[in-house]
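Each chain, letter by letter, is given below.
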Amino acid sequence: MNWTSHPTPHILLSGGHAGFDEEERAVETLEGGIKLAFLIEGSFTLDVDGAGPQIQRAAETSLFISSRPWQLDHSFEQGCRLHYLTLFVDAALVSDVFDGDLPDARDVRHIRRATPLAMASVANSILHGPFNGAAGRLHSAGKALELAALAIDLLGSSAPAREVALASAAEAKRIRELHAYLRENWRDAPTLDVLARRFGFGLRTMTAGFRRLYGYSISEHLRELRLREGWRLLDAGMSATLAAEAVGYTLPHFTTAFARRFGVTPGTIARHGTQGMKI
C-alpha cells in the first residue's frame, strides 16, 4: 500500500511499501527545497544528481537540500521490497525559515545518517497515525512540520556524530553482523558481555561503535524489535495481555512503551486492528 498527501501547501508526504518483480529504474525530478527520505526496510541504489551510485540501506535516513531543480536516479534489483517514508518541503517555505536564502545554493547537499531516534519516532507516528479524515490530515501536518524542524536542525549540526567513525572497516562489519544477529535472536539475546566476546569486542568499544553506526543503543534496538513484534501480534488478533507476555513485557510496561513508540495503545490495536492506519 502506497500513499501520498499534501498536509500543507508547501509539504508533500509519501510512504508505504513497494515491491519489484524485475529490475527497475526510476528517475525523480525535484524542484528546490528539502527532501527527507526514511528507508525502514530494504535497500536500493541511488544516484544524487549525477554524483555517482551509492547504496541506500534500511535504518538509514537521507537528507537532501537544493535551491535549484535536481534529480534522484533510483535503481531497484529484482525481488527488492521496500518500506519507506519521504517528506518534501518546497523552497518557498525553506527560504522563509532560512530568512531568504537556501544554504549550499550551487550544489545538492546530501547528508546520510543512521536514522536518529527522534526522527524515527515522528516517522512512525505518521506511518501508524491513529486518526482518519480531517483529524488524520491535521495530525500528519503537525508531524510533518516536526520532521521538517528535525531536518533543519540536522542541517545545522556541526558534529556528524551519526556518521560511521569506527576504527576499521572490519570493525564496522562486525557491528553490522551483530545488528543482524540481534534481529534474528532478539527473544533470547545474551547479555552485553556475552555479545562482546562473541563478536570480538571490548564492551565499551562494542556499545559505542553500535551507537555511532546506527544512531541508537543495543537496548533501544532490542526494545524496537520487541515492540514491532507486539504490533504484529496485536494486528493478527492477539489480546494486549498475551502480546505483552509474548514479547517479554508485563501489560502495564508494554502499554506505556507501545503508546510512547507508536502514539496509540495496544488495546486500541487489539480492539480495532489497523484499519484506516497508514502502514
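Residues numbered from 1 in each chain as written. Predicted model: local features only at pLDDT ≥ 70, side-chain atom pairs only at ≥ 80, totals over all residues. Heavy atoms only, no water.

**Quick notes on helix α4 (residues 169-185)**
Then, in step 1: With 17 residues, α4 should reach 24 Å at 1.5 Å per residue; the first-to-last C-alpha distance of 24 Å fits that figure.
Then, in step 2: Packed against the buried residues of α4 are α5 (192-198), α6 (203-214) and α7 (218-235). (Helix = DSSP H or I, 4+ residues; strand = E, 2+ residues; numbered from the N terminus. Expected span 1.5 Å × (residues − 1). Contact = heavy atoms within 4.5 Å.)

**A closer look at the layout of surface pockets**
Then, in step 1: Quantified by volume, the largest pocket comes out at close to 1,000 Å³.
Then, in step 2: A59, T115, H179, Y214 and Y216 are the residues nearest the centre of the largest pocket, which is lined by 39 residues in total.
Then, in step 3: Looking at the lining of the largest pocket, the elements with two or more residues in it are β4 (33-41), β10 (109-114), α2 (117-127), α4, α6, α7 and α9 (251-262).
Then, in step 4: Per-element tally for the lining of the largest pocket: the top contributor is α7, with seven residues.
Then, in step 5: Lining the second largest pocket are 17 residues; nearest its centre among them are E41, L225, R228, E229 and R232.
Then, in step 6: Broken down by secondary-structure element, the contributors of at least two residues to the lining of the second largest pocket are β4, α4 and α7.
Then, in step 7: A per-element tally of the lining of the second largest pocket places α7 first, with five residues.
Then, in step 8: Its residues placed into classes, the lining of the second largest pocket shows six nonpolar, four polar and seven charged. (1 Å grid on protein atoms, 1.4 Å probe; cavity = no way out; pocket = protein on both sides within 12 Å on 5 of 7 lines; lining within 4 Å. Points joined across faces, edges and corners; volume = space filled by probe spheres on them. Nonpolar A, V, L, I, M, F, W, Y, C, P; charged D, E, K, R; others polar.)

**Focus: the pairing of strand β6 (residues 53-57)**
Then, in step 1: With five bridges joining them, strand β5 (residues 43-48) and β6 adopt antiparallel strand pairing. Across the sheet, F44 pairs through a bridge with Q56, a residue of β6. (Pairing = 2+ DSSP bridges.)

**Some thoughts on the sheet that holds strand β8 (residues 70-76)**
Then, in step 1: Taking strand neighbours across the sheet as the criterion, the four strands line up as β3-β8-β5-β6 in an open arrangement whose pairing is antiparallel. Because the sheet does not close on itself, it has two edges, and the strands there are β3 (24-30) and β6. Across the sheet, the axes of successive neighbouring strands diverge by a mean angle of 30 degrees, strand direction being ignored.
Then, in step 2: Two strands pair when backbone bridges link them, and β5 and β8 are joined in this way by four bridges, in the antiparallel orientation. Considered in β8, the bridge of T45 is made with S75. (Axes fitted to C-alpha atoms, helices over the stretch in contact; angles between N-to-C directions.)

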